[in-house]
Amino acid sequence: MTSRQMVTSLILDAFGGHQAAWLTAPRSSANPSTDIAHFVDIAQRAEKAKLDFVFVADFPAIPDGSLEQLSRSAVSMSVLEPATLLTALAMSTKHIGVLGTASTSYYEPYNVARLWGSLDHISGGRAGLNVVTTRSRSASFNFGKDDLDEHDTRYERADEFVEVLNGLWDSWDDDAFIRDYDEVRFFDPTKLHTLDHKGKFFNVRGPLNLSRSAQGRPVISQAGGSEAGKELAAKTADVVFINAPTLEFAQNFYADLKGRLAKFGRQQDELKIVSGLTIVTGSTQEEAERRTADVSRHIHPEIGRQMISGVLDTDLSDVDYDSRIPQSKILDNVNKGQTYFGLIRKFVEEGRTLREIAAHFAEARVGSIVKGTPEQIADKMQAWFEARGSDGFMMRAMTVPGNLDDICEEVIPELRRRGLVRTEYTGDTLRENLGLDVAPSRYLGRIGA
Ligand SMILES: Cc1cc2nc3c(=O)[nH]c(=O)nc-3n(C[C@H](O)[C@H](O)[C@H](O)COP(=O)(O)O)c2cc1C
(Lines give C-alpha, C1' and ligand atoms only; values in the text may rest on other atoms or scores of the structure.)
Protein backbone atom coordinates (compact mmCIF):
# COMPACT_ATOMS: atom_id res chain seq x y z
CA MET A 1 0.00 0.00 0.00
CA THR A 2 1.44 3.33 -1.08
CA SER A 3 0.86 6.11 1.43
CA ARG A 4 0.84 8.74 -1.30
CA GLN A 5 -2.67 8.75 -2.80
CA MET A 6 -3.37 9.46 -6.44
CA VAL A 7 -5.47 12.56 -7.19
CA THR A 8 -8.49 11.48 -9.26
CA SER A 9 -10.74 13.79 -11.22
CA LEU A 10 -13.05 13.70 -14.19
CA ILE A 11 -13.88 16.24 -16.90
CA LEU A 12 -17.58 16.97 -17.35
CA ASP A 13 -18.39 16.57 -21.03
CA ALA A 14 -21.64 16.79 -22.92
CA PHE A 15 -20.94 14.09 -25.49
CA GLY A 16 -17.44 13.02 -24.47
CA GLY A 17 -13.83 14.10 -24.75
CA HIS A 18 -13.52 13.11 -28.38
CA GLN A 19 -14.16 15.88 -30.87
CA ALA A 20 -16.45 13.60 -32.88
CA ALA A 21 -18.23 12.00 -29.90
CA TRP A 22 -21.53 13.70 -30.70
CA LEU A 23 -21.72 11.78 -33.99
CA THR A 24 -21.76 8.47 -32.13
CA ALA A 25 -24.42 9.43 -29.54
CA PRO A 26 -27.95 8.03 -29.94
CA ARG A 27 -29.68 10.20 -32.54
CA SER A 28 -32.95 10.37 -30.63
CA SER A 29 -31.47 11.79 -27.41
CA ALA A 30 -31.87 15.44 -26.38
CA ASN A 31 -28.84 17.74 -26.55
CA PRO A 32 -26.99 17.08 -23.26
CA SER A 33 -24.89 20.29 -23.40
CA THR A 34 -27.52 22.26 -21.53
CA ASP A 35 -29.21 19.40 -19.70
CA ILE A 36 -28.44 19.66 -15.99
CA ALA A 37 -29.71 16.12 -15.36
CA HIS A 38 -26.94 14.85 -17.64
CA PHE A 39 -24.23 16.58 -15.61
CA VAL A 40 -25.77 15.58 -12.28
CA ASP A 41 -25.68 11.96 -13.47
CA ILE A 42 -21.94 12.23 -14.31
CA ALA A 43 -21.09 13.93 -11.00
CA GLN A 44 -23.02 11.31 -9.02
CA ARG A 45 -21.27 8.46 -10.83
CA ALA A 46 -17.92 10.14 -10.14
CA GLU A 47 -18.86 10.53 -6.47
CA LYS A 48 -19.86 6.86 -6.27
CA ALA A 49 -16.37 6.05 -7.57
CA LYS A 50 -15.03 8.41 -4.84
CA LEU A 51 -13.11 10.70 -7.16
CA ASP A 52 -11.69 13.90 -5.69
CA PHE A 53 -13.45 16.31 -8.02
CA VAL A 54 -15.28 16.90 -11.26
CA PHE A 55 -14.11 19.68 -13.52
CA VAL A 56 -15.75 21.89 -16.12
CA ALA A 57 -13.54 23.61 -18.69
CA ASP A 58 -14.63 26.94 -20.17
CA PHE A 59 -13.97 29.63 -22.75
CA PRO A 60 -16.15 32.76 -22.71
CA ALA A 61 -16.88 32.51 -26.45
CA ILE A 62 -17.54 30.01 -29.19
CA PRO A 63 -14.23 28.72 -30.59
CA ASP A 64 -12.24 30.48 -33.30
CA GLY A 65 -12.96 29.33 -36.86
CA SER A 66 -15.26 29.85 -39.81
CA LEU A 67 -19.00 29.16 -39.56
CA GLU A 68 -18.61 26.47 -42.21
CA GLN A 69 -16.17 24.65 -39.92
CA LEU A 70 -17.78 25.37 -36.58
CA SER A 71 -21.23 24.28 -37.72
CA ARG A 72 -19.85 20.73 -37.88
CA SER A 73 -18.67 20.69 -34.24
CA ALA A 74 -20.48 20.21 -30.91
CA VAL A 75 -17.54 21.36 -28.78
CA SER A 76 -18.02 24.58 -26.80
CA MET A 77 -20.87 25.79 -29.00
CA SER A 78 -23.64 25.84 -26.38
CA VAL A 79 -22.46 25.40 -22.81
CA LEU A 80 -23.62 26.16 -19.29
CA GLU A 81 -21.68 28.81 -17.38
CA PRO A 82 -19.40 27.00 -14.86
CA ALA A 83 -20.32 28.65 -11.53
CA THR A 84 -24.01 28.11 -12.24
CA LEU A 85 -23.51 24.52 -13.38
CA LEU A 86 -21.27 23.65 -10.42
CA THR A 87 -23.72 25.14 -7.92
CA ALA A 88 -26.37 22.74 -9.20
CA LEU A 89 -23.89 19.86 -8.93
CA ALA A 90 -22.95 20.87 -5.39
CA MET A 91 -26.62 20.53 -4.43
CA SER A 92 -26.83 17.06 -5.99
CA THR A 93 -23.71 15.60 -4.34
CA LYS A 94 -22.24 15.42 -0.82
CA HIS A 95 -18.53 14.73 -1.00
CA ILE A 96 -17.03 15.32 -4.42
CA GLY A 97 -15.24 18.57 -5.25
CA VAL A 98 -16.68 20.89 -7.91
CA LEU A 99 -14.01 22.71 -9.86
CA GLY A 100 -14.48 25.01 -12.85
CA THR A 101 -12.79 27.57 -15.07
CA ALA A 102 -12.94 31.35 -15.07
CA SER A 103 -10.92 33.58 -17.35
CA THR A 104 -8.66 36.10 -15.66
CA SER A 105 -8.44 38.06 -18.92
CA TYR A 106 -12.14 38.90 -19.10
CA TYR A 107 -13.55 38.77 -15.59
CA GLU A 108 -12.98 41.25 -12.75
CA PRO A 109 -11.55 39.58 -9.64
CA TYR A 110 -14.34 40.88 -7.41
CA ASN A 111 -16.92 39.00 -9.51
CA VAL A 112 -14.96 35.75 -9.39
CA ALA A 113 -14.29 36.09 -5.65
CA ARG A 114 -18.04 36.37 -5.05
CA LEU A 115 -19.09 33.63 -7.46
CA TRP A 116 -16.57 31.02 -6.33
CA GLY A 117 -16.75 32.16 -2.71
CA SER A 118 -20.51 31.56 -2.86
CA LEU A 119 -19.97 28.17 -4.51
CA ASP A 120 -17.54 27.29 -1.73
CA HIS A 121 -20.16 28.09 0.92
CA ILE A 122 -22.99 26.35 -0.92
CA SER A 123 -20.90 23.20 -1.42
CA GLY A 124 -19.61 23.18 2.18
CA GLY A 125 -16.00 23.82 1.16
CA ARG A 126 -15.81 21.69 -2.00
CA ALA A 127 -15.20 24.41 -4.60
CA GLY A 128 -12.25 24.83 -6.91
CA LEU A 129 -11.40 27.57 -9.40
CA ASN A 130 -9.38 26.88 -12.55
CA VAL A 131 -7.57 30.08 -13.42
CA VAL A 132 -6.99 30.44 -17.16
CA THR A 133 -5.75 33.31 -19.27
CA THR A 134 -7.84 32.16 -22.30
CA ARG A 135 -6.09 31.58 -25.59
CA SER A 136 -8.97 31.95 -28.08
CA ARG A 137 -9.13 35.16 -30.06
CA SER A 138 -12.92 35.08 -30.31
CA ALA A 139 -13.19 35.68 -26.54
CA SER A 140 -11.55 39.10 -26.88
CA PHE A 141 -14.30 40.18 -29.31
CA ASN A 142 -16.90 39.66 -26.58
CA PHE A 143 -15.20 42.05 -24.18
CA GLY A 144 -14.55 45.20 -26.20
CA LYS A 145 -11.17 44.15 -27.59
CA ASP A 146 -9.89 43.69 -31.13
CA ASP A 147 -7.46 40.88 -30.33
CA LEU A 148 -5.87 38.88 -27.53
CA ASP A 149 -3.57 40.77 -25.22
CA GLU A 150 0.06 39.65 -25.40
CA HIS A 151 0.69 36.22 -23.88
CA ASP A 152 2.88 37.45 -21.03
CA THR A 153 0.63 40.42 -20.34
CA ARG A 154 -2.26 37.96 -19.94
CA TYR A 155 -0.21 36.10 -17.34
CA GLU A 156 0.83 39.30 -15.57
CA ARG A 157 -2.85 40.16 -15.23
CA ALA A 158 -3.59 36.59 -14.04
CA ASP A 159 -0.94 36.92 -11.33
CA GLU A 160 -2.44 40.14 -10.01
CA PHE A 161 -5.93 38.67 -10.39
CA VAL A 162 -5.12 35.75 -8.06
CA GLU A 163 -3.45 38.08 -5.58
CA VAL A 164 -6.65 40.14 -5.42
CA LEU A 165 -8.83 37.01 -5.18
CA ASN A 166 -6.87 35.69 -2.20
CA GLY A 167 -6.96 39.09 -0.56
CA LEU A 168 -10.73 39.35 -0.99
CA TRP A 169 -11.30 35.82 0.33
CA ASP A 170 -9.42 36.86 3.49
CA SER A 171 -11.68 39.88 4.07
CA TRP A 172 -13.17 38.36 7.22
CA ASP A 173 -11.47 36.48 10.01
CA ASP A 174 -13.07 33.11 10.67
CA ASP A 175 -14.53 34.33 13.95
CA ALA A 176 -15.62 37.79 12.75
CA PHE A 177 -19.38 37.25 13.05
CA ILE A 178 -19.75 37.38 16.83
CA ARG A 179 -23.49 38.13 17.03
CA ASP A 180 -23.18 39.87 20.39
CA TYR A 181 -26.78 40.50 21.43
CA ASP A 182 -25.91 42.47 24.59
CA GLU A 183 -23.55 44.88 22.86
CA VAL A 184 -25.64 44.86 19.68
CA ARG A 185 -22.80 43.91 17.39
CA PHE A 186 -23.35 41.49 14.54
CA PHE A 187 -19.65 41.38 13.64
CA ASP A 188 -16.42 42.52 15.25
CA PRO A 189 -15.10 45.44 13.13
CA THR A 190 -11.47 44.59 14.03
CA LYS A 191 -11.93 41.27 12.22
CA LEU A 192 -12.87 42.81 8.91
CA HIS A 193 -10.00 43.67 6.56
CA THR A 194 -10.26 46.11 3.69
CA LEU A 195 -7.91 45.11 0.91
CA ASP A 196 -7.24 48.51 -0.67
CA HIS A 197 -5.46 46.95 -3.62
CA LYS A 198 -4.01 49.33 -6.17
CA GLY A 199 -2.13 47.64 -9.00
CA LYS A 200 -1.33 47.69 -12.69
CA PHE A 201 -4.57 46.03 -13.79
CA PHE A 202 -6.94 46.35 -10.85
CA ASN A 203 -7.96 48.80 -8.18
CA VAL A 204 -10.07 46.96 -5.66
CA ARG A 205 -10.95 48.43 -2.32
CA GLY A 206 -12.86 45.50 -0.87
CA PRO A 207 -13.75 44.01 1.51
CA LEU A 208 -15.65 41.10 -0.05
CA ASN A 209 -19.23 40.94 1.13
CA LEU A 210 -18.85 37.25 1.97
CA SER A 211 -17.21 35.40 4.87
CA ARG A 212 -14.44 32.79 4.54
CA SER A 213 -15.54 29.25 3.73
CA ALA A 214 -15.02 25.93 5.52
CA GLN A 215 -11.78 25.37 3.58
CA GLY A 216 -10.63 28.98 3.87
CA ARG A 217 -10.92 29.65 0.17
CA PRO A 218 -11.52 27.61 -2.99
CA VAL A 219 -8.80 25.33 -4.31
CA ILE A 220 -6.96 27.10 -7.12
CA SER A 221 -5.97 25.15 -10.21
CA GLN A 222 -4.08 26.30 -13.25
CA ALA A 223 -3.30 24.74 -16.63
CA GLY A 224 -0.78 26.87 -18.48
CA GLY A 225 2.35 25.06 -19.55
CA SER A 226 4.35 28.05 -20.80
CA GLU A 227 7.18 29.66 -18.83
CA ALA A 228 4.84 32.37 -17.54
CA GLY A 229 2.19 29.72 -16.80
CA LYS A 230 4.60 27.64 -14.74
CA GLU A 231 5.73 30.64 -12.71
CA LEU A 232 2.13 31.56 -11.92
CA ALA A 233 1.35 27.96 -10.98
CA ALA A 234 4.36 27.64 -8.68
CA LYS A 235 3.41 30.84 -6.91
CA THR A 236 -0.34 30.42 -6.59
CA ALA A 237 -1.80 27.04 -7.57
CA ASP A 238 -2.89 24.13 -5.40
CA VAL A 239 -3.42 21.92 -8.45
CA VAL A 240 -1.87 22.09 -11.92
CA PHE A 241 -3.25 20.32 -14.98
CA ILE A 242 -0.74 19.25 -17.55
CA ASN A 243 -0.88 18.22 -21.15
CA ALA A 244 1.79 15.54 -21.24
CA PRO A 245 2.14 13.36 -24.34
CA THR A 246 4.82 11.08 -22.84
CA LEU A 247 6.07 10.04 -19.40
CA GLU A 248 9.42 11.70 -20.07
CA PHE A 249 7.69 15.00 -20.88
CA ALA A 250 5.59 14.66 -17.71
CA GLN A 251 8.62 13.90 -15.52
CA ASN A 252 10.50 16.93 -16.83
CA PHE A 253 7.48 19.15 -16.27
CA TYR A 254 6.94 17.69 -12.79
CA ALA A 255 10.54 18.22 -11.69
CA ASP A 256 10.64 21.69 -13.24
CA LEU A 257 7.42 22.88 -11.59
CA LYS A 258 8.05 21.32 -8.17
CA GLY A 259 11.56 22.75 -8.31
CA ARG A 260 10.13 26.28 -8.55
CA LEU A 261 8.11 26.00 -5.32
CA ALA A 262 10.92 26.65 -2.86
CA LYS A 263 11.51 30.18 -4.09
CA PHE A 264 7.92 30.99 -3.18
CA GLY A 265 8.40 29.43 0.27
CA ARG A 266 6.24 26.42 -0.59
CA GLN A 267 6.64 22.69 0.10
CA GLN A 268 6.59 20.04 -2.66
CA ASP A 269 3.28 18.50 -1.57
CA GLU A 270 1.46 21.83 -1.45
CA LEU A 271 0.95 21.56 -5.19
CA LYS A 272 -0.59 18.56 -6.96
CA ILE A 273 0.29 17.93 -10.59
CA VAL A 274 -2.56 16.29 -12.44
CA SER A 275 -2.17 14.94 -15.95
CA GLY A 276 -4.96 15.01 -18.54
CA LEU A 277 -5.79 11.47 -19.65
CA THR A 278 -8.50 10.18 -21.98
CA ILE A 279 -9.33 6.57 -21.15
CA VAL A 280 -10.73 3.89 -23.45
CA THR A 281 -11.01 0.32 -22.22
CA GLY A 282 -11.60 -2.93 -24.05
CA SER A 283 -11.38 -6.62 -23.25
CA THR A 284 -8.11 -6.48 -25.21
CA GLN A 285 -5.85 -3.67 -26.37
CA GLU A 286 -7.04 -4.27 -29.94
CA GLU A 287 -10.66 -3.83 -28.94
CA ALA A 288 -9.88 -0.53 -27.21
CA GLU A 289 -7.96 0.65 -30.30
CA ARG A 290 -10.90 -0.33 -32.49
CA ARG A 291 -13.38 1.52 -30.26
CA THR A 292 -11.27 4.65 -30.59
CA ALA A 293 -10.84 4.31 -34.35
CA ASP A 294 -14.61 3.87 -34.69
CA VAL A 295 -15.08 7.35 -33.25
CA SER A 296 -12.10 8.96 -34.99
CA ARG A 297 -13.33 8.00 -38.45
CA HIS A 298 -16.21 10.45 -37.91
CA ILE A 299 -13.98 13.53 -37.72
CA HIS A 300 -14.97 15.79 -40.57
CA PRO A 301 -11.91 17.10 -42.48
CA GLU A 302 -13.06 20.70 -42.05
CA ILE A 303 -13.09 20.22 -38.27
CA GLY A 304 -9.68 18.59 -38.32
CA ARG A 305 -8.38 21.58 -40.26
CA GLN A 306 -10.08 24.07 -37.92
CA MET A 307 -8.68 22.46 -34.77
CA ILE A 308 -5.12 22.39 -36.00
CA SER A 309 -5.07 25.74 -37.80
CA GLY A 310 -6.57 27.27 -34.64
CA VAL A 311 -3.72 26.01 -32.49
CA LEU A 312 -1.00 26.84 -35.04
CA ASP A 313 -2.69 30.21 -35.76
CA THR A 314 -2.05 29.68 -39.45
CA ASP A 315 -4.16 29.14 -42.58
CA LEU A 316 -4.26 25.45 -43.58
CA SER A 317 -7.07 25.74 -46.14
CA ASP A 318 -4.75 24.79 -49.01
CA VAL A 319 -3.19 21.77 -47.24
CA ASP A 320 -4.40 18.39 -48.48
CA TYR A 321 -5.92 16.46 -45.57
CA ASP A 322 -3.74 13.42 -46.19
CA SER A 323 -0.51 15.37 -46.68
CA ARG A 324 2.13 16.62 -44.32
CA ILE A 325 1.79 20.20 -43.11
CA PRO A 326 4.60 22.19 -44.78
CA GLN A 327 7.16 23.54 -42.33
CA SER A 328 6.66 26.98 -43.89
CA LYS A 329 3.20 27.09 -42.29
CA ILE A 330 4.67 26.98 -38.79
CA LEU A 331 5.21 30.36 -37.15
CA ASP A 332 8.20 30.89 -34.86
CA ASN A 333 5.86 31.57 -31.99
CA VAL A 334 2.17 32.24 -31.39
CA ASN A 335 0.34 34.60 -29.08
CA LYS A 336 -2.27 31.90 -28.39
CA GLY A 337 -1.67 28.91 -26.08
CA GLN A 338 1.94 27.77 -26.16
CA THR A 339 1.52 24.26 -24.77
CA TYR A 340 -0.68 22.93 -27.58
CA PHE A 341 1.33 24.85 -30.14
CA GLY A 342 4.53 23.12 -29.00
CA LEU A 343 2.91 19.67 -29.12
CA ILE A 344 1.51 20.08 -32.61
CA ARG A 345 4.66 21.67 -33.99
CA LYS A 346 6.49 18.54 -32.88
CA PHE A 347 4.02 16.31 -34.76
CA VAL A 348 4.55 18.45 -37.88
CA GLU A 349 8.32 18.03 -37.54
CA GLU A 350 7.82 14.27 -37.27
CA GLY A 351 6.10 14.38 -40.67
CA ARG A 352 2.61 13.35 -39.59
CA THR A 353 -0.25 14.17 -41.97
CA LEU A 354 -2.94 16.72 -41.17
CA ARG A 355 -5.43 13.83 -40.79
CA GLU A 356 -3.16 12.02 -38.31
CA ILE A 357 -2.53 15.11 -36.23
CA ALA A 358 -6.24 15.96 -36.21
CA ALA A 359 -7.11 12.41 -35.07
CA HIS A 360 -4.57 12.59 -32.25
CA PHE A 361 -5.77 16.01 -31.13
CA ALA A 362 -9.44 14.98 -31.36
CA GLU A 363 -8.80 11.90 -29.22
CA ALA A 364 -6.60 13.49 -26.57
CA ARG A 365 -7.70 17.09 -26.35
CA VAL A 366 -6.21 17.51 -22.89
CA GLY A 367 -3.06 15.48 -22.43
CA SER A 368 -2.68 11.92 -23.62
CA ILE A 369 -4.90 8.94 -24.38
CA VAL A 370 -4.60 5.41 -23.04
CA LYS A 371 -6.31 2.45 -24.69
CA GLY A 372 -6.28 -1.07 -23.30
CA THR A 373 -7.69 -3.38 -20.65
CA PRO A 374 -8.46 -1.85 -17.23
CA GLU A 375 -5.31 -3.55 -15.90
CA GLN A 376 -3.13 -2.10 -18.68
CA ILE A 377 -4.59 1.35 -18.05
CA ALA A 378 -4.02 1.05 -14.30
CA ASP A 379 -0.44 -0.09 -15.06
CA LYS A 380 0.21 3.08 -17.03
CA MET A 381 -1.35 5.35 -14.43
CA GLN A 382 0.59 3.64 -11.65
CA ALA A 383 3.83 3.94 -13.62
CA TRP A 384 3.33 7.69 -14.21
CA PHE A 385 2.36 8.23 -10.59
CA GLU A 386 5.25 6.27 -9.12
CA ALA A 387 7.83 7.73 -11.52
CA ARG A 388 6.74 11.25 -10.49
CA GLY A 389 5.25 12.11 -13.87
CA SER A 390 2.15 13.25 -11.99
CA ASP A 391 0.36 13.19 -8.65
CA GLY A 392 -2.81 12.03 -10.33
CA PHE A 393 -5.08 12.35 -13.34
CA MET A 394 -7.77 14.47 -14.90
CA MET A 395 -9.60 11.63 -16.58
CA ARG A 396 -11.78 12.04 -19.58
CA ALA A 397 -14.26 9.63 -21.12
CA MET A 398 -13.98 9.44 -24.91
CA THR A 399 -17.75 9.20 -25.19
CA VAL A 400 -20.33 9.98 -22.51
CA PRO A 401 -22.08 8.14 -20.98
CA GLY A 402 -20.59 5.14 -22.88
CA ASN A 403 -17.00 5.28 -21.62
CA LEU A 404 -17.84 6.67 -18.17
CA ASP A 405 -18.35 3.18 -16.83
CA ASP A 406 -14.88 2.26 -18.14
CA ILE A 407 -13.44 4.79 -15.75
CA CYS A 408 -15.74 4.60 -12.74
CA GLU A 409 -16.46 0.90 -12.67
CA GLU A 410 -13.36 -0.68 -14.18
CA VAL A 411 -10.26 1.48 -13.90
CA ILE A 412 -10.88 3.09 -10.49
CA PRO A 413 -11.68 -0.23 -8.76
CA GLU A 414 -8.48 -1.66 -10.25
CA LEU A 415 -6.47 1.29 -8.86
CA ARG A 416 -8.22 0.79 -5.53
CA ARG A 417 -7.24 -2.88 -5.42
CA ARG A 418 -3.65 -1.68 -5.79
CA GLY A 419 -4.03 0.73 -2.86
CA LEU A 420 -3.43 3.79 -5.06
CA VAL A 421 -6.75 5.54 -4.46
CA ARG A 422 -8.83 5.94 -1.33
CA THR A 423 -11.65 3.63 -0.31
CA GLU A 424 -13.73 6.38 1.35
CA TYR A 425 -13.78 10.17 1.40
CA THR A 426 -11.58 11.11 4.32
CA GLY A 427 -12.49 14.75 4.72
CA ASP A 428 -15.42 17.10 4.33
CA THR A 429 -13.73 19.69 2.12
CA LEU A 430 -11.93 19.45 -1.21
CA ARG A 431 -8.71 20.65 0.43
CA GLU A 432 -8.90 17.86 3.01
CA ASN A 433 -9.60 15.23 0.36
CA LEU A 434 -6.64 16.43 -1.67
CA GLY A 435 -4.40 16.35 1.41
CA LEU A 436 -4.02 20.15 1.42
CA ASP A 437 -4.22 22.30 4.54
CA VAL A 438 -7.06 24.75 5.08
CA ALA A 439 -5.80 27.97 3.54
CA PRO A 440 -4.81 30.22 6.47
CA SER A 441 -5.86 33.84 6.40
CA ARG A 442 -3.04 36.29 5.76
CA TYR A 443 -4.28 38.19 8.82
CA LEU A 444 -4.14 35.22 11.17
CA GLY A 445 -2.58 36.30 14.45
CA ARG A 446 -2.65 39.99 13.53
CA ILE A 447 -5.10 42.14 15.45
CA GLY A 448 -6.99 44.85 13.58
CA ALA A 449 -4.84 44.61 10.45
C1 LIG B 1 -6.90 19.47 -17.96
C2 LIG B 1 -6.82 20.77 -18.70
C3 LIG B 1 -7.90 21.63 -18.65
C4 LIG B 1 -7.88 22.86 -19.31
N5 LIG B 1 -8.96 23.68 -19.23
C6 LIG B 1 -8.97 24.87 -19.88
C7 LIG B 1 -10.10 25.73 -19.83
O8 LIG B 1 -11.09 25.42 -19.18
N9 LIG B 1 -10.05 26.89 -20.50
C10 LIG B 1 -8.96 27.29 -21.23
O11 LIG B 1 -8.98 28.37 -21.80
N12 LIG B 1 -7.87 26.48 -21.32
C13 LIG B 1 -7.86 25.28 -20.66
N14 LIG B 1 -6.79 24.45 -20.74
C15 LIG B 1 -5.70 24.86 -21.57
C16 LIG B 1 -4.57 25.50 -20.86
O17 LIG B 1 -5.01 26.42 -19.93
C18 LIG B 1 -3.70 26.09 -21.94
O19 LIG B 1 -2.50 25.45 -21.90
C20 LIG B 1 -3.56 27.57 -21.78
O21 LIG B 1 -4.77 28.17 -22.14
C22 LIG B 1 -2.48 28.16 -22.62
O23 LIG B 1 -1.53 28.63 -21.78
P24 LIG B 1 0.00 28.41 -22.06
O25 LIG B 1 0.35 29.37 -23.16
O26 LIG B 1 0.63 28.73 -20.75
O27 LIG B 1 0.16 26.98 -22.48
C28 LIG B 1 -6.76 23.23 -20.07
C29 LIG B 1 -5.67 22.37 -20.13
C30 LIG B 1 -5.68 21.15 -19.46
C31 LIG B 1 -4.49 20.25 -19.52
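This is a predicted model, so every value here is computed, not measured.

So, about helix H12 (residues 354-363). Inspection of H12 places Leu 354, Ile 357, Ala 358, Phe 361, Ala 362 and Glu 363 among the buried residues, and these make up the whole buried set. Residues of H12 that are buried in the fold lie against strand E9 (272-281), helix H9 (285-296), helix H10 (301-312), helix H11 (338-349) and strand E10 (368-372).

Taking the numbering used here, the UniProt-annotated feature "domain: Luciferase-like" (unreviewed entry) corresponds to residues 27-387. Regarding residues 27-387, the helix share stands at 41% and the strand share at 12%, and the terminal C-alpha atoms are separated by 43 Å.

Inspection of the secondary structure puts Asp 188 in the loop between helix H6 (151-169) and strand E5 (197-198). Salt bridges are absent for the buried Asp 188, whose nearest opposite-charge side chain, Lys 191, sits at 4.3 Å. When near neighbours in sequence (up to four residues on either side) are disregarded, Asp 188 contacts Ala 176 and Ile 178.

Further remarks concern the nonpolar core. One finds Leu 89, Leu 129, Ile 279, Met 381, Met 395 and Leu 415 to be the most contacted residues of the largest nonpolar core, which totals 77 residues. Other than its neighbours up to four places away in sequence, Leu 89 contacts Leu 12, Ile 36, Phe 39, Val 40, Ala 43, Val 54 and Val 98. Listed in part, the 28 residues of the second largest apolar core include Ile 299, Leu 312, Val 334 and Val 348.

Looking now at the site of the ligand. For the ligand, the set of nearby residues contains 24 residues, the closest of which are Thr 101, His 151, Tyr 155, Ser 226 and Thr 339. Within the backbone of Asp 58, an N or O atom sits 2.8 Å from an oxygen atom of the ligand. Between the ligand and Tyr 155, the relevant distance is 2.6 Å, taken from an oxygen atom to a side-chain nitrogen or oxygen of the residue. Protein chains bury 98% of the 620 Å² of accessible surface belonging to the ligand in isolation. Those elements that place two or more of their residues in the shell around the ligand are strand E4 (127-132), H6, strand E8 (239-242) and H11. For the shell around the ligand, the element with the most residues is H11, which contributes 3 residues.

At a minimum axis separation of 9 Å, helix H13 (residues 374-386) and helix H14 (residues 404-417) run at an interaxial angle of 55 degrees. With respect to their mutual orientation, H13 and H14 come out oblique. The crossing of H13 and H14 is right-handed. Along its contact with H13, which presents Pro 374, Glu 375, Ile 377, Ala 378 and Met 381, the element H14 presents Glu 410, Val 411, Glu 414 and Leu 415. Residue composition of the contact of H13 with H14, by class: 6 nonpolar, no polar and 3 charged.

With that settled, the discussion passes to the environment of Ser 390. Its place among the elements puts Ser 390 in the loop between H13 and strand E11 (392-397). Given a relative accessible area of 0%, Ser 390 falls into the buried group. Note: C-alpha distance between Ser 390 and Arg 355 (35 residues apart in sequence) is 30 Å. Apart from the residues within four sequence positions on either side, Ser 390 is in contact with Arg 4, Tyr 254, Ile 273, Ser 275, Trp 384 and Phe 385.

What follows covers the pattern of salt bridges. Using the criterion set out here, one finds 35 salt bridges in the structure. When the shortest N-O distance is used, the salt bridge between Arg 422 and Asp 52 registers 2.5 Å. With Arg 422 in the loop between H14 and helix H15 (430-434) and Asp 52 in the loop between helix H1 (36-48) and strand E2 (53-56), the pair connects residues that are 370 residues apart, well separated along the chain. Taken individually, Arg 422 and Asp 52 each receive the classification buried, so the pair is uniform in this respect. Residue Asp 406 pairs with Arg 291 through a salt bridge whose shortest N-O separation is 3.6 Å. Taken together, the residues span a long stretch of sequence, with Asp 406 in helix H14 and Arg 291 in helix H9 at a distance of 115 residues. Asp 406 sits in the buried class, given a relative accessible area of 4%. Where salt bridges share partners, they join Glu 227, Lys 230, Glu 231, Asp 256, Arg 260 and Lys 263 into one cluster.

Now for helix H3 (residues 82-92). Every buried residue of H3 is accounted for by Pro 82, Ala 83, Leu 85, Leu 86, Leu 89 and Ala 90. Projected onto a plane normal to the axis of H3, the buried residues spread over an arc of 160 degrees and lie on a single side. For H3, exposure combined with an orientation more than 90 degrees from the buried face picks out Thr 84 and Met 91. If you follow the buried residues of H3, they end up packed against H1, E2, strand E3 (97-103) and helix H4 (109-122). N-capping of H3 is provided by Glu 81, with a side-chain oxygen placed 2.9 Å from the backbone N of Ala 83.

Conventions used here
Every chain is numbered independently, its residues counted from 1 as its sequence is written. Residue-level local features of this predicted model are given only where pLDDT is at least 70; pairs of side-chain atoms are given and counted only at 80 or more, and the full residue set underlies all totals for whole chains, interfaces and linings. Only hydrogens and water are set aside; all other atoms, that is, all heavy atoms of the structure, feed into the side-chain values. Throughout, exposure labels follow a simple rule: accessible area from a 1.4 Å probe, protein chains only, divided by the maximum for the residue type, with under 20% read as buried, over 50% as exposed, and the rest as partly exposed. Strands here are runs of E lasting at least two residues and helices are runs of H or I lasting at least four, both read from the DSSP assignment and numbered beginning at the N terminus. Throughout, a residue-residue contact means that at least one pair of heavy atoms, one from each residue, lies within 4.5 Å. UniProt positions are given in the numbering used here, feature names are shortened, and annotations may be inferred rather than shown by experiment. By the counting scheme adopted, Arg and Lys are positive, Glu and Asp are negative, and His together with the chain ends is not counted. For this document, the term salt bridge refers to a Lys or Arg side-chain nitrogen within 4 Å of an Asp or Glu carboxyl oxygen. Among buried residues, the Ala, Val, Leu, Ile, Met, Phe, Trp, Tyr and Cys ones that are joined through side-chain atoms within 4.5 Å form a nonpolar core. Whether a residue is near a molecule or strand is decided by its heavy atoms; if any one of them lies within 4 Å of it, the residue is near. Here a polar contact means two N or O atoms within 3.5 Å. Within protein one must be a hydrogen donor candidate and the other an acceptor candidate, and residues neighboring in sequence count only if both atoms are side-chain atoms. To measure how exposed things are, a 1.4 Å probe is used in the Shrake-Rupley method; for residues, cover is taken only from the protein chains shown. As a rule, the C-alpha atoms of each element are fitted with a line to give its axis, helices using only the stretch in contact, and angles between N-to-C directions run from 0 to 180 degrees. Oblique is the label for any angle not covered by the other classes, which are roughly parallel (under 35 degrees), roughly antiparallel (over 145) and roughly perpendicular (65 to 115). Two helices crossing with the near one rotated counterclockwise from the far one by less than a right angle form a left-handed crossing, whereas a clockwise rotation gives a right-handed crossing. Residues are sorted three ways: Asp, Glu, Lys and Arg are charged, Ala, Val, Leu, Ile, Met, Phe, Trp, Tyr, Cys and Pro are nonpolar, and all the rest, Gly among them, are polar. This arc is taken over the directions from the axis of the helix to the C-beta atoms.

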